[in-house]
Every structure is written in C-alpha cells, then in structure tokens.
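Results of the structural survey
Take a look at the letters that make up each chain.
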Amino acid sequence: MNDPHDRGNRPAAPSVSPLVRQAARNLHRLELLAEHPAWTDWVCRWHFWRTRRMMAKTPDDPAAWLPALALAVSCEKDASVLAELARQPLPEPLPPEALPWRDRLIRNWEQLPVPTKEEKSTRLSALVRLDRRVERLPEWLREARRALDLGWYDRHLRLAALAGWRPRPGDGPPHGDKAEAARAWVRFWEKSYKSPDMDGLIAAIALLHLAEAGWLPSGPSPERLREEFRQRVQQQWSMSICQDAEILRILVSSVPTDASSPEQQDIKAWLELTQENVRWEKREAVWGMLAAWQREGVLERGGIGRGRLQELSLLPDLARTLEWERDDDVLLAMAGYVPEAAEVSAYPEAARAVVARWEALSRGSPFGGVRLAAWVARCNLLRAGVLTAEEQGRFGSDYVGAVKFEPEVTALLTLARITPPGTFPLATWAGRLSDQNNRRRLAAHLAIHGWLVDMVGGGQRRQVRQVLRRAGQEGTDAGTVAPFINLPPEVLPDFRWLHEIETALAAGHLPPPPDAGAGNRPIPRTVPARLPEAPPRTGPPGITGQTTGRTAGSEPPARHPFPEVIRHE
C-alpha cells in the first residue's frame with residue numbers, strides 16, 4: 001500500500017485559474033471578518049463594502065468578489081449595508097467560470113427576506129442589474145405598476161430601482177412571445193417620461209438604457225436623454241431631504257457606461273454640478289459617476305482613444321477641486337478617479353498636485369473620513385503606477401505611521417486592505433492586536449491575515465522572511481524562523497480550508513458556510529514554523545514525514561493551518 005504521506009504517490013491536484021484563486025481568497029477573508037466580534041457592527045460592514053467599491057480594480061476584480069458578495073447577501077440584515085451591497089460593481093461580460101457564482105448571487109438576493117418596502121426596492125435594484133434577461137421583463141413590469149400605488153418616496157425608490165434594467169450587450173428588440181412584454185415595458189416608461197416631476201426624471205434613465213440598446217428606433221436619442229437627465233438633475237432636484245439623495249445615487253450610478261461615449265459638452269456640463277456652491281449630495285453623486293466612467297474606460301474610448309485627451313481628461317479639474325473640497329463623502333467618490341498614464345503624461349503638474357494634496361489630507365486632516373478617502377486615493381494611484389519613486393517612499397513611511405497611530409476605525413480598516421511598497425510592517429500591525437478597541441483589533445487581524453495569505457500563498461517567501469526578521473521573530477538557525485510565536489492563532493490562515501474553497505469554486509459551487517464544517521476543520525495552534533522552500537501544493541494537505549525537535553515540556557505540534565509550512569513530529 002502506498003504511504004499516504006508520500007508526495008510521489010499522490011496524484012497532482014488540478015490547477016485553478018488566477019480568478020478562482022483570487023475569488024477563494026476574497027471569500028476566505030470575508031469569512032475571517034464574519035467570525036470576529038467587531039463585525040457585528042453594521043458600520044464596519046458598510047464601510048468595508050463602500051470602500052471596496054471605490055478602490056482601483058483589475059479587470060477580474062468584480063468577478064472575483066461575486067462569491068464573497070453572495071455570502072454577504074445571505075447573512076446581511078441591515079438595510080444600509082444591503083443597499084451598499086446592491087451597488088457593488090458587476091462585470092459584463094462575465095468569464096465563463098464566474099457564471100455559476102453570479103447565479104448563486106441572484107438566488108441569494110431572491111431568497112433574501114425583505115420586511116420593509118425600502119429593502120424590497122434594494123433587492124429589486126440588485127436583481128435588475130444582475131439578471132438582464134428579457135424573460136424577466138413581465139416580472140419587472142408588474143413591480144413597476146404596483147409601485148404607482150405606493151407613497152411618494154417608496155414609489156420613487158422602487159421606480160428608480162427598476163429603471164436600472166438594461167438589455168444585455170447585443171440583445172436587440174425581442175420578437176415573438178417576448179415582444180409584447182418589451183413593448184409594454186417601453187410604453188410604461190414613455191408615459192412616465194412626460195411627467196415634469198420625479199417620475200419623468202426616473203423614466204429618462206429607463207429610456208436611456210433602452211435607447212442605448214437600439215430599442216427606441218422612433219423615440220428620443222441617447223444624446224437627448226442624457227442631456228435631459230442632466231438638466232433635470234441640475235434644475236429640478238431640490239435635495240430637500242436625505243431620501244432624495246439616495247434616489248439620486250441610484251439614478252446617477254445607473255447611467256450607462258457600456259454603450260455610447262459622452263461628448264466634451266456632456267463632461268463639462270456634469271462638472272458644473274461639482275462646484276462649491278452645489279449641494280454635497282450632488283457633488284458626491286456626480287463624482288461617483290465620473291469616476292465610474294473612468295474605471296470602465298468610457299473617457300478613454302471617447303477622448304484619449306480619439307486623440308481628444310485635452311477635451312475629456314478630468315485630471316486638471318480633479319486637482320482644482322481638491323484645493324477646496326472638504327466633505328468626506330465627496331472626497332471618497334473623487335478618490336475613485338484614477339487617471340490613465342496618457343493623462344498623467346499630458347498633465348504632469350496636475351498629476352503631482354493631485355498626489356501632493358491626497359498626501360496632505362491623509363497626514364493632516366482632523367477628520368477620520370477625510371483621511372480614509374485620502375488613503376483610498378493614494379492606494380489607487382499606487383496601484384495604477386502614477387506615483388514616482390520618491391512618492392512611493394513617502395507612501396511607505398506614511399503608511400507605517402498611520403498604522404501605528406490612526407485612531408479612526410474605518411480609516412484603519414482601509415489601511416488593513418492596502419499593500420504598501422517595500423517591507424510589510426508586521427511588527428507595527430501586531431502591536432495593534434493589543435489595542436483596547438475591538439474594531440481596531442479587527443483591522444490588525446485583517447491586515448496580518450491578508451498579508452500571510454497573499455505572500456505565503458503566492459510563493460513570495462523571501463519577503464516573508466525579511467518581514468519576520470524585522471519584527472524580531474527570528475529562529476535559531478539560518479533557515480528556520482518562528483514566525484507565529486507572538487501572533488494569536490485566529491490570525492493564521494487556514495490553507496486547508498482555503499484549498500477546499502478553491503476546489504468548490506472551480507467546480508462552480510460555493511462552499512458551505514464555515515460553521516457547517518467547523519467540526520472537521522483544524523484548530524489553529526501557535527507553534528514554531530519553517531517557511532516553505534517551494535510553493536505550497538494545491539493538492540490535499542498531508543504530513544511531510546519530517547521531524548523537528550521540541551523543548552522539554554512543550555506539547556507536540558498539532559495539525560496546523562499551514563500544513564505545508566510546519567515540520568510535524
């Protein structure tokens with residue numbers, strides 16, 4: 001019989017794609033957060049998802065978050081957090097391996113209990129963005145007609161949610177059995193469009209989606225609808241109550257980014273709504289929309305790609321606005337604007353002014369929300385390659401100082417999700433594990449756990465050794481370290497469970513909730529460890545058969561969350 005611990009007799013595990021690996025890490029990290037007592041605070045959850053939406057993304061990033069989103073939706077009870085989950089960016093088109101994850105997310109939204117009218121509108125807002133099939137139009141039409149019987153705020157919130165539906169790319173006007181439902185959907189919004197009040201404003205967005213898809217051959221053009229929507233926002237929106245701001249966010253965030261590109265006059269007209277004399281709710285919504293256009297490549301297609309960079313780049317406007325803007329919500333929306341390399345080359349002075357202003361705000365603002373926004377912006381600029389070598393050096397030193405002294409919980413949670421240039425400050429983060437504030441301990445927990453997963457799991461063992469030595473956690477010989485001797489076991493990643501998550505996601509499934517298999521999962525133990533000389537295997541973990549000495553009176557090491565790192569007895 002083959003020795004089950006003999007690597008040579010174990011078949012190689014199937015490899016997983018980078019998308020599956022990143023999706024597994026995101027889900028594993030969310031499970032870690034959910035197990036921490038501080039995660040019961042809805043503010044932590046709301047800020048986590050809101051900040052994630054503003055951070056720069058790789059092309060695969062929205063798809064890689066779908067499993068974690070599905071888990072979050074299935075567990076969430078707070079209305080404000082649910083509304084933020086419904087706004088998370090969704091990739092289109094999806095990679096084939098991510099299609100089952102989206103289906104699971106749709107199912108979780110459909111099964112979500114909605115005890116209030118507002119939460120039902122949130123659920124519908126998510127579903128119409130996720131499921132763009134024409135087959136669901138009769139259902140959405142019934143909901144739209146029912147909304148007319150609701151009170152004014154609930155009616156507008158419900159209609160704004162449903163107005164976000166748009167045909168999938170390439171889906172022309174339907175024929176046959178589906179055609180009547182599509183015509184009824186168009187007629188419903190055309191009737192509302194004639195209204196001078198909020199109903200007409202909402203209908204303009206719904207019709208804009210249809211016009212962009214070619215569903216209104218004899219109706220208003222996309223350009224006319226864009227202009228009318230902007231004019232109504234500028235002239236009619238009083239923003240007299242906070243509920244108006246929520247409706248505005250829904251509508252502006254649904255302005256299409258995957259069809260025609262805006263012209264110069266569109267951009268300049270929207271920028272008028274970011275001036276200092278405009279209410280902060282409008283400034284926030286418009287900067288959020290412009291940042292989304294930038295992330296989705298709309299401005300690049302419309303300007304940079306046509307040799308019209310001078311017309312459509314917002315970098316100089318961003319620099320000018322940062323000189324006076326102080327509202328933390330508006331600044332967080334602005335932090336999502338990440339200039340392209342061509343913009344930085346065309347406007348070097350504006351680029352350096354933007355970097356310097358964000359640096360100053362992250363260091364000197366007395367408001368935690370402003371510092372949070374500034375760190376999101378600095379992280380986005382770092383990831384985009386905008387920072388010079390000198391600016392990267394300041395980023396690293398400022399990061400260490402902020403980790404050590406930042407009192408604002410939400411800002412510290414943001415820092416925990418940033419990978420600084422240079423060596424990771426493990427000792428500094430470990431010091432925050434003894435913080436008296438439970439939520440600040442959560443931030444340190446998240447930072448250390450994320451770094452270990454990304455670095456050890458990614459095979460970057462030399463950098464891990466350097467960090468551990470700087471943190472004073474060195475072993476007695478040249479190759480051995482005791483990296484976890486001062487860290488509590490709950491911060492140590494469970495690579496065995498991470499592998500199970502990867503296997504499930506690669507097969508198109510979501511793994512069971514952590515509690516379902518808690519009895520079979522290893523309990524982390526704080527024991528000396530040896531860093532791996534080769535990347536951890538992706539196959540089932542096993543004992544290596546090697547031994548290590550232990551001091552008198554110490555317990556034998558148990559199964560460990562780093563199964564390929566520990567030398568077992």
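Quick notes on the rules
Residues numbered from 1 in each chain as written. Predicted model: local features only at pLDDT ≥ 70, side-chain atom pairs only at ≥ 80, totals over all residues. Heavy atoms only, no water. Helix = DSSP H or I, 4+ residues; strand = E, 2+ residues; numbered from the N terminus. Buried < 20%, exposed > 50% of the residue type's maximum accessible area, 1.4 Å probe, protein only. Contact = heavy atoms within 4.5 Å. Areas by Shrake-Rupley, 256 points an atom, 1.4 Å probe, with all protein chains shown as cover. Core = buried A, V, L, I, M, F, W, Y, C linked by side-chain atoms within 4.5 Å. Phe/Tyr/Trp six-rings, centres within 6.5 Å; stacked < 30°, edge-to-face > 60°. Lys NZ or Arg CZ within 6 Å of the ring centre and 35° of its normal. Expected span 1.5 Å × (residues − 1). Polar contact = N/O pair within 3.5 Å; in protein donor to acceptor, adjacent residues only side chain to side chain. 1 Å grid on protein atoms, 1.4 Å probe; cavity = no way out; pocket = protein on both sides within 12 Å on 5 of 7 lines; lining within 4 Å. Points joined across faces, edges and corners; volume = space filled by probe spheres on them. pLDDT = per-residue confidence, 0-100. Axes fitted to C-alpha atoms, helices over the stretch in contact; angles between N-to-C directions. Parallel < 35°, antiparallel > 145°, perpendicular 65-115°, else oblique. Nonpolar A, V, L, I, M, F, W, Y, C, P; charged D, E, K, R; others polar. Salt bridge = Lys/Arg side-chain N within 4 Å of Asp/Glu carboxyl O.

1. A look at the overall build of the protein chain
Of regular secondary structure, the protein chain possesses 28 helices and 0 strands. Burial statistics for the protein chain: of 569 residues in total, 55% are counted as buried. Contacts in the protein chain between residues far apart in sequence, at least 24 positions, make up 73% of those at least 6 positions apart. About 24,700 Å² of surface is accessible on the protein chain, with carbon and sulfur atoms providing 51% of the total.

2. Focus on the nonpolar core
By size, the foremost hydrophobic cluster in this structure holds 163 residues, and its most contacted members are Trp 49, Trp 109, Trp 189, Phe 229, Trp 358 and Trp 429. Excluding residues that lie within four positions of it along the chain, Trp 109 makes contacts with Val 73, Leu 82, Leu 85, Ala 86, Thr 122, Arg 123, Ala 126, Leu 127 and Leu 130.

3. What about the packing of aromatic side chains?
According to the stated counting rule, one finds 14 aromatic pairs in the structure shown. Over the ring of Trp 375 we find Arg 378, and its NZ or CZ is 4.7 Å from the ring centre. The cationic tip of Arg 417 hangs over the ring face of Phe 48; the distance from NZ or CZ to the ring centre is 4.1 Å.

4. Observations concerning helix H28 (residues 495-506)
Its 12 residues give H28 an end-to-end C-alpha distance of 16 Å, which sits within 8% of 16 Å, the value for a rise of 1.5 Å per residue. A large share of H28 lies buried, amounting to 9 of its 12 residues. Of all the positions in H28, only Phe 495, Arg 496, Trp 497, Leu 498, His 499, Ile 501, Glu 502, Ala 504 and Leu 505 are classed as buried. Its side-chain oxygen placed 3.2 Å from the backbone nitrogen of Arg 496, Asp 494 serves as the N-cap of H28. Positioned one or two residues after H28, Gly 508 has a phi angle of 85°, which is positive.

5. Some points on empty space enclosed by the protein
Following the criterion strictly, the structure yields 3 cavities of 30 Å³ or more and no others. Taken together, 10 residues form the lining of the largest cavity, with Arg 226, Arg 230, Val 255, Trp 270 and Trp 293 sitting closest to its centre. Among the secondary structure elements, those contributing two or more residues to the lining of the largest cavity are helix H11 (198-212), helix H12 (222-236) and helix H14 (264-271). If one sorts the elements of the lining of the largest cavity by residue count, H12 sits on top with 3 residues.

6. A few points about the environment of Arg 166
Note on placement: Arg 166 falls in the loop between helix H9 (152-162) and helix H10 (177-193). Judged by relative accessible area, which is 23%, Arg 166 ranks as partly exposed. Taking the C-alpha atoms as reference, Arg 166 lies 9.4 Å from Asp 131; in sequence the two are 35 residues apart.

7. Quick notes on the confidence of the model for the protein chain
Within the protein chain, residue pLDDT values average 81, and 76% of them lie at 70 or more. The low-confidence segment residues 474-485 (pLDDT under 50) makes 33 contacts with residues lying over four places distant or belonging to another chain. pLDDT under 50 marks residues 516-569. Its contacts with residues more than four places away, or in other chains, come to 117 contacts.

8. Quick word on the packing of helix H1 (residues 18-34) against helix H4 (residues 66-75)
Interhelical geometry of H1 versus H4 gives an angle of 30° and a closest axis separation of 7 Å. By the angle between their directions, the pair H1 and H4 is classed as roughly parallel. From H1, Ala 23, Asn 26, Leu 27, Leu 30 and Glu 31 reach across to H4, where they touch Pro 67, Ala 68, Leu 71 and Ala 72. Of the residues belonging to the contact of H1 with H4, the class tally is 7 nonpolar, 1 polar and 1 charged.

9. Topic: the packing of H9 against H11
Running from amino to carboxyl end, H9 crosses H11 at an angle of 10°, the nearest separation of the two axes being 9 Å. Judged by the inter-axis angle, H9 sits roughly parallel to H11. Counting all contacts with H9, which are made through Arg 155, His 156, Leu 159 and Ala 160, the residues of H11 involved are Met 198, Asp 199 and Ile 202. Across the contact of H9 with H11, the residue classes tally to 4 nonpolar, 1 polar and 2 charged.

10. Let's talk about the side chain of His 156
Considering the arrangement of structural elements, one finds His 156 in helix H9. At a separation of 3.2 Å, a polar atom in the side chain of His 156 contacts the side chain of Asp 199. With sequence-adjacent residues up to four places away left out, His 156 is seen in contact with Met 198, Asp 199, Ile 202 and Ile 247.

11. Points about the pattern of salt bridges
The tally for this structure, following the rule as stated, stands at 39 salt bridges. With a closest N to O distance of 3.6 Å, Arg 50 and Glu 284 form a salt bridge. A residue pair is termed long-range when its members are at least 10 positions apart, and Arg 50 in helix H2 (residues 42-54) and Glu 284 in helix H15 (residues 280-295) qualify at 234 residues. Residue Arg 50 is classed as buried on the basis of its relative accessible area, which comes to 8%. The salt bridge involving Glu 143 is made with Lys 120; its shortest N-O contact spans 3.4 Å. Pair noted here: Glu 143 is in helix H8 (residues 137-147) and Lys 120 is in helix H7 (residues 117-130), with a separation of 23 residues, a long-range link. By relative accessible area, Glu 143 is classed as buried at 9%. Residue classification places Lys 120 among the partly exposed residues on the basis of a relative accessible area of 23%.

12. Section: the environment of Leu 90
Take Leu 90: it is sitting in the loop between helix H5 (79-86) and helix H6 (99-110). Linking Leu 90 and Pro 62, residues 28 residues apart in sequence, is a C-alpha distance of 5.7 Å. In contact with Leu 90, not counting residues within four places along its chain, are Pro 62, Leu 66, Arg 129 and Leu 130.

13. Brief notes about the environment of Ser 434
Turning to its location among the elements, Ser 434 is positioned in the loop between helix H25 (426-432) and helix H26 (438-457). Sequence separation between Ser 434 and Ala 444 is 10 residues; the distance between their C-alpha atoms is 9.3 Å. One polar contact links the side chain of Ser 434 to the main-chain carbonyl oxygen of Gly 431, over a distance of 2.9 Å.

14. Examining helix H18 (residues 315-322)
In terms of burial, H18 is largely enclosed, as 7 of its 8 residues are buried. Buried within H18 are the following residues: Leu 315, Pro 316, Asp 317, Leu 318, Ala 319, Thr 321 and Leu 322.

15. As for the side chain of Ser 365
Within the secondary structure, Ser 365 is located in the loop between helix H21 (348-364) and helix H22 (368-383). Beyond its immediate stretch of four places on either side in the chain, Ser 365 contacts Ala 360, Val 370 and Arg 371.

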